[in-house]
Amino acid sequence: SSAEFFVTIAVFAFLYSLAATVVYIFFQNKYRENNRGPLIDFVVTVVFSFMWLVGSSAWAKGLSDVKVATDPDEVLLLMSACKQQSNKCLPVYSPVMSSLNTSVVSIPFLKQQQQQQAF
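Computed from a prediction, not measured in an experiment: that's the story for all the values here.

Asks: Could you clarify how one ought to interpret the overall build of the protein in this entry?
Replies: Secondary structure assignment for the protein yields five helices and zero strands. The N-to-C order of helical and strand elements in the protein reads α-α-α-α-α. Counting across all 119 residues of the protein, residues that qualify as buried make up 14%. Sequence separation of 24 or more characterises 69% of the internal contacts of the protein that already satisfy a separation of 6 or more. In the structure as shown, the protein presents an accessible area of about 9,200 Å², 66% of it carried by carbon and sulfur atoms.

Asks: Is there a simple way to think about the UniProt feature "transmembrane region" (unreviewed entry) in the protein in this case?
Replies: The UniProt feature table records "transmembrane region" (unreviewed entry) at residues 6-27 and 39-60. Within the segment residues 6-27, helix and strand shares are 95% and 0% respectively, and the terminal C-alpha atoms sit 31 Å apart. When the span residues 39-60 is considered, its composition is 100% helix and 0% strand, and the gap between its end C-alpha atoms is 31 Å.

Each value, and the rule that gives it
- Residues numbered from 1 in each chain as written.
- Predicted model: local features only at pLDDT ≥ 70, side-chain atom pairs only at ≥ 80, totals over all residues.
- Heavy atoms only, no water.
- Helix = DSSP H or I, 4+ residues; strand = E, 2+ residues; numbered from the N terminus.
- Buried < 20%, exposed > 50% of the residue type's maximum accessible area, 1.4 Å probe, protein only.
- Contact = heavy atoms within 4.5 Å.
- Areas by Shrake-Rupley, 256 points an atom, 1.4 Å probe, with all protein chains shown as cover.
- UniProt positions renumbered as here; feature names shortened; annotations may be inferred.

Right under this line is the structure:
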């Protein structure tokens, strides 16, 4: 699912950040001697950034699907009792989606802040 993909990328990005920090701290001389080290680090960072974008987009698509599936007007159309002319079905409350919206916006933003603090 999109949430599993998103979380998997987050976990691998975190583990890579830990490994990179260890390399920067304990193997700094070897990191600077090898010309491929910074290039490899750059490529891995670009790949994680792209995968993070894909994961965020998948998460947002999943959120959109949840909103459509739980829309009271759509749910009422699916209920057989509401299809009868003699019954009048109306939603009592509108769903509150603000926390779902925040999950899509804040998680990538928080990850970006954490990456900036690491460097």
